[in-house]
Amino acid sequence: DLAGLAGVTGLYYSPVLGAVYSITREDGRLEVAQRRSVGTHDLAFAAKATLVCSLGELRLARDAAGRVSGFTLWHETVGGILFSKIGTDPIPAGS
């Protein structure tokens, strides 16, 4: 359940893609967005540390204190793209 995913919202950076994705909570739903190319996608809870959307699976990583520190994006055509959490502020609209 999404209530167990406290701390997942924020900004995440992938050096492989050179892209920043944001995960936000809107109207009780989680969304992932990268304004310039992938748009906004609703996230669904799939397992204890896995979210899914049309982009693929986001497998969450946690630090030693249990805080979400990033995720790995897996898709049927590409997998293992690492994203590190870089902040908690959402991407400004139009960015």
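Further up the page is the structure itself.
Residues numbered from 1 in each chain as written. Predicted model: local features only at pLDDT ≥ 70, side-chain atom pairs only at ≥ 80, totals over all residues. Heavy atoms only, no water.

Peer 1: Would you mind showing me how to read the packing of aromatic side chains here?
Peer 2: Describing an aromatic ring pair means giving the distance of the ring centres and the angle of the ring planes. Inspection of the entire model under this criterion finds three aromatic pairs. Considering the side-chain rings of Tyr12 and Phe71, the 5.0 Å spacing of their centres and the 55° angle between planes classify their relative orientation as tilted. One end of the pair, Tyr12, is in strand S1 (residues 10–14); the other, Phe71, is in strand S7 (residues 68–74), with 59 residues separating them in the sequence. A single burial state applies to Tyr12 and to Phe71, both of which are buried. Judged by centre distance (4.6 Å) and plane angle (15°), the ring pair of Phe71 and Phe83 falls under stacked. Taken together, the residues span a long stretch of sequence, with Phe71 in strand S7 and Phe83 in strand S8 (residues 79–87) at a distance of twelve residues. Each member of the pair, Phe71 as well as Phe83, is classed as buried. Three or more aromatic residues joined by ring pairs make a cluster, and in this case those are Tyr12, Tyr21, Phe71 and Phe83. (Phe/Tyr/Trp six-rings, centres within 6.5 Å; stacked < 30°, edge-to-face > 60°. Helix = DSSP H or I, 4+ residues; strand = E, 2+ residues; numbered from the N terminus. Buried < 20%, exposed > 50% of the residue type's maximum accessible area, 1.4 Å probe, protein only.)

Peer 1: Would you take a moment to explain the pattern of salt bridges for this structure?
Peer 2: Any two side chains of opposite charge can pair, given that their charged atoms come close. Enumeration over the complete set of coordinates arrives at four salt bridges. Among the salt bridges present, the one from Asp42 reaches Arg29, with a minimum N-O distance of 3.3 Å. In this pair, Asp42 sits in strand S4 (residues 39–47) while Arg29 sits in strand S3 (residues 29–34), placing the two residues 13 residues apart along the sequence. A relative accessible area of 44% means that Asp42 is categorised as partly exposed. With a shortest N-O distance of 3.1 Å, Asp63 and Arg67 are connected by a salt bridge. One network of salt bridges, in which partners are shared, links Arg29, Glu31 and Asp42. (Salt bridge = Lys/Arg side-chain N within 4 Å of Asp/Glu carboxyl O.)

Peer 1: Before we go on, may I ask you to explain the nonpolar core in this structure?
Peer 2: Side chains of nonpolar character tend, in soluble globular proteins, to be buried together. Residues Val8, Ile23, Val32, Leu43, Leu58 and Phe71 are the most contacted members of the largest nonpolar core, which totals 18 residues. Secondary structure elements with two or more residues in this core: strand S2 (19–26), S3, strand S5 (50–53), strand S6 (56–62), S7 and S8. Sequence-distant contacts of Val8, defined by excluding residues within four places in its chain, comprise Ile23, Leu30, Leu51, Leu60, Val68 and Lys85. (Core = buried A, V, L, I, M, F, W, Y, C linked by side-chain atoms within 4.5 Å. Contact = heavy atoms within 4.5 Å.)

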